[in-house]
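Reading the structure
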Amino acid sequence: STVRLPVRDCILEAAPRLLGRLGYRKSTMDDLAREAGVARRSIYVHFASKEEVFLASIDRVVENLLVELERIATSAAPPADRLQRMLIARVLQEGDIAFLTGHAPFPGALATHPIQLILAERTREVFAVHGGFIEVSNDNVTVLSDVAELPDSIDVERAEEAKRRCETLLAA
């Protein structure tokens with residue numbers, strides 16, 4: 001026999017699917033009701049507005065992610081495996097773009113920007129990434145970049161010289 005989720009849970013599970021397919025602006029409460037398999041008026045029993053539904057959905061994703069990060073951090077997996085799984089989880093939560101489980105494959109370009117890793121010991125490691133690509137496929141996130149530098153390994157003199165060369169080229 002099939003167990004039916006409570007109506008509120010059906011709505012909150014449907015919201016990210018609808019958001020991924022239609023986006024926030026195009027999504028309507030009728031669309032949400034169809035996606036959740038509930039009557040439109042049932043949504044208003046639990047939520048005052050479309051905005052409230054999507055915000056509650058985001059809160060739920062973040063709460064679940066924090067539980068997952070804790071589970072990964074305390075697992076017996078080798079540190080490198082935990083780190084990789086936490087990076088994937090962290091990208092899902094904090095990146096400029098976020099992906100939910102089951103997201104359609106996505107290739108994208110990266111801007112020059114820091115990437116932050118949360119290590120198993122709850123410490124953070126930051127890398128300066130100078131462009132590159134991101135790919136999401138089969139619930140895995142892959143980041144490809146020609147240059148990724150730890151702050152402590154950046155040669156300040158080299159960076160300043162590169163800056164001077166760029167400024168000279170721009171001024172010409």
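Criteria and thresholds
Residues numbered from 1 in each chain as written. Predicted model: local features only at pLDDT ≥ 70, side-chain atom pairs only at ≥ 80, totals over all residues. Heavy atoms only, no water. Helix = DSSP H or I, 4+ residues; strand = E, 2+ residues; numbered from the N terminus. Areas by Shrake-Rupley, 256 points an atom, 1.4 Å probe, with all protein chains shown as cover. Core = buried A, V, L, I, M, F, W, Y, C linked by side-chain atoms within 4.5 Å. Buried < 20%, exposed > 50% of the residue type's maximum accessible area, 1.4 Å probe, protein only. Contact = heavy atoms within 4.5 Å. Phe/Tyr/Trp six-rings, centres within 6.5 Å; stacked < 30°, edge-to-face > 60°. Lys NZ or Arg CZ within 6 Å of the ring centre and 35° of its normal.

Brief notes about the overall build of the protein
Along its length, the protein carries 6 helices and 4 strands. Listed by position from the N terminus, the elements making up the protein come as α-α-α-α-α-β-β-β-β-α. For the protein, the computed accessible surface area is about 11700 Å², with 56% contributed by carbon and sulfur atoms.

Points about the nonpolar core
Grouped together as the largest cluster of nonpolar side chains are 16 residues, with contacts concentrated most on Ile11, Leu32, Ala36, Val38, Ile43, Phe47 and Val53. Where this core is concerned, the elements lending two or more residues are helix H1 (7–26), helix H2 (29–36) and helix H4 (50–73). Here the element with the most residues in this core is H1; it accounts for 6 residues. When near neighbours in sequence (up to four residues on either side) are disregarded, Ala36 contacts Arg4, Cys10, Ile11 and Ala14. Ranked by size, the runner-up nonpolar core spans 5 residues in total, among them Leu65, Leu69, Ile72 and Ala73.

Here we look at the packing of aromatic side chains
In total, this model carries 1 aromatic pair according to the counting rule given. With a centroid separation of 5.4 Å and an interplanar angle of 80°, the aromatic rings of Tyr24 and Phe54 are classed as edge-to-face. Highlighted residues: Tyr24 in helix H1 and Phe54 in helix H4, separated in sequence by 30 residues. One residue, Lys50, lies across the ring of Tyr24, its end atom 4.2 Å from the ring centre.

Distances and angles like these do not, on their own, reveal function.
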